[in-house]
Amino acid sequence: MTLLKAEILKAIRKPYVPIAFIVLTAVNLIGVFLSNRVYQAWAPEADYNRLCVERACGPIDSELLDYVIGETNRLSLMIATETFSRDYDPDTYTGYILKDWIVFHDYISKNLKYAVGYDYVMQDVLRRAVENVDFYQRFGNERMIRVNREIYRLYSNRHIPEFRNLYGIRYYLHYDFSSLIILLLLLLTLAPVFVGEKANRMGLLFPTYPEGGAALRNAKIAFVFLVTVAYSFWFYLVDLIGFSIFAHMQGFSLPLYAVQDFQFTPLRLTVFQYILLGFALKTLGMSLAALWIAAASRFLSGVFQVFIAGLIPVFLYFVGNPMPGAGLTRFDFINPILLIKNRYIFFSFDPLFFGSFLIQSAAVVVFAGVIEAGLLTLLCRADFYSRAA
């Protein structure tokens, strides 16, 4: 604990670390604000949310459907026949009939149609899965039989019970700027963690006292994980608070597939449960990036070299995104950014076979991430110090 405390104090006493932490926290809040302003500026989201809360949000039943269909048809007829006033009207929902029509036609009706039609889409998926099982049974293709039976299992009994304004949740689930900030902070904080001992010539002492060298390495690795978890928890909490302030966050209890981007997700989780899962996977991805920086600090001889090597996760942040629906490549399974931006592995069902075992590709990505973290930890713990250090 004393060595770990010393590592924490060394980091805190570097002026650029707390200053960067405070500044980048403020920058992240600005990023949250701007990301919401983007869609709120071109969409009448405030009017949509108010109308949804007052009249349209709630259980999807015949009363809600009759109300939305009736208002949409009434306003559409007025727009088509141009029998409406363009002046301010206090009896309308938004102040203007044309704006009322835009909210109902382009937003409420469109999103409600997705929620109501989801049952029918899933029925079609299940019907096709049954047809595929019958087809592949004729040819004895056991793998495809198992794939389609798994599809039937995953996509059975799906239903969106309520209608909510999910714009805030959708943009929150796509917000990645805080992850870039965490990567930069990890680089600033962890780059000197091992290479600093070489600069101070402390490596010359460890061959004469191996137990001390092992204890110090263990403390540094514990520091790496502590910093990663602390940064990740803080910025993901700031994200959630920021979006709760600047956006209309509804629908945490709805199934994840209520968000249209996750229409075919294999997960049977609520939005809130997926947020918690996302926290865990992002932290694992950040741990891989942190251990990579620590390993570079361990084996390279200068801080500048460590910074260059540590920029690799930052580079991957920009270029290491798979194409949605294109399937995963071999590189994706060892790419830590895929854990950080983990929505890509949950957009659709992407099965793999290991022998006779059918496994979701997301499970392979997570397993590979755990193995990578273990290998990098062992690499950082290896007795690398020598008199030539």
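Nothing here was measured: the structure is a model prediction, and the numbers come from that model. (Residues numbered from 1 in each chain as written. Predicted model: local features only at pLDDT ≥ 70, side-chain atom pairs only at ≥ 80, totals over all residues. Heavy atoms only, no water.)

**A short note on the packing of helix 2 (residues 16-42) against helix 8 (residues 177-190)**
- Put simply, helix 2 and helix 8 touch, their axes get as near as 10 Å, and they point 175° apart. By the angle between their axes, helix 2 is roughly antiparallel relative to helix 8. Residues Tyr16, Val17, Ala20, Phe21, Leu24, Val27, Asn28 and Gly31 of helix 2 touch helix 8, and the partners they reach there are Phe177, Ser178, Ile181, Leu185, Leu188 and Thr189.
- Of the residues in the contact of helix 2 with helix 8, the class split is 10 nonpolar, 4 polar and no charged. (Axes fitted to C-alpha atoms, helices over the stretch in contact; angles between N-to-C directions. Helix = DSSP H or I, 4+ residues; strand = E, 2+ residues; numbered from the N terminus. Parallel < 35°, antiparallel > 145°, perpendicular 65-115°, else oblique. Contact = heavy atoms within 4.5 Å. Nonpolar A, V, L, I, M, F, W, Y, C, P; charged D, E, K, R; others polar.)

**What about the pairing of strand 3 (residues 351-354)?**
- Across 4 bridges, the pairing between strand 3 and strand 4 (residues 357-360) is antiparallel. Within the sheet, the bridge partner assigned to Pro351 lies in strand 4 and is Gln360.
- Joining the antiparallel neighbours strand 3 and strand 4 is a turn of 2 residues, in which Gly355 adopts a positive phi near 70°. (Pairing = 2+ DSSP bridges.)

**Side note on the packing of aromatic side chains**
- Scanning the model with the defined rule gives 22 aromatic pairs in all.
- Measuring from ring centre to ring centre gives 5.2 Å for Phe135 and Tyr136, while their planes differ by 75°; the resulting arrangement is edge-to-face.
- A network of ring pairs unites the aromatic residues Phe262, Tyr274, Tyr344, Phe346 and Phe347 as a single cluster.
- Geometry around Phe194 places Lys220 over its ring, the cationic atom sitting 5.8 Å from the centre.
- The lysine or arginine in question, Arg298, covers the ring of Phe194, its NZ or CZ lying 5.4 Å from the ring centre. (Phe/Tyr/Trp six-rings, centres within 6.5 Å; stacked < 30°, edge-to-face > 60°. Lys NZ or Arg CZ within 6 Å of the ring centre and 35° of its normal.)

**Let's talk about helix 6 (residues 142-155)**
- Compared with the 20 Å implied by 1.5 Å per residue over 14 residues, the 20 Å span of helix 6 between its first and last C-alpha is a close match.
- Within helix 6, the full set of buried residues consists of Ile145, Val147, Asn148, Ile151, Leu154 and Tyr155.
- Those residues of helix 6 hidden inside the fold are in contact with helix 5 (97-139), strand 3 and strand 4.
- Once helix 6 finishes, Asn157 follows within two positions and takes phi at roughly 55°, a positive value. (Expected span 1.5 Å × (residues − 1). Buried < 20%, exposed > 50% of the residue type's maximum accessible area, 1.4 Å probe, protein only.)

**Section: the pattern of salt bridges**
- Going through the model one piece at a time under the given rule, you end up with 12 salt bridges.
- A salt bridge links Asp124 to Arg127, with the shortest nitrogen-to-oxygen separation between them at 2.4 Å. In this pair, Asp124 and Arg127 are both assigned in helix 5, 3 residues apart and thus about one turn of the helix distant.
- A relative accessible area of 30% places Asp124 in the partly exposed class.
- One salt bridge connects Arg128 with Asp124, and the closest N-O pair in it is separated by 3.0 Å. Here Asp124 and Arg128 lie together in helix 5, a separation of 4 residues that amounts to about one turn.
- Among the charged side chains, a network of salt bridges with common partners joins Asp124, Arg127, Arg128 and Glu131. (Salt bridge = Lys/Arg side-chain N within 4 Å of Asp/Glu carboxyl O.)

**Points about empty space enclosed by the protein**
- Under the counting rule described, the total for this entry stands at 1 cavity of 30 Å³ or more.
- Of the volumes computed, that of the largest cavity is approximately 140 Å³.
- Residue assignment for the lining of the largest cavity shows that the elements contributing at least two residues are helix 7 (167-173), helix 10 (210-246) and helix 11 (271-299).
- Broken down by element, the lining of the largest cavity gets its largest block of residues, 5 residues, from helix 11.
- For the lining of the largest cavity, the class distribution of residues is 8 nonpolar, 2 polar and 5 charged. (1 Å grid on protein atoms, 1.4 Å probe; cavity = no way out; pocket = protein on both sides within 12 Å on 5 of 7 lines; lining within 4 Å. Points joined across faces, edges and corners; volume = space filled by probe spheres on them.)

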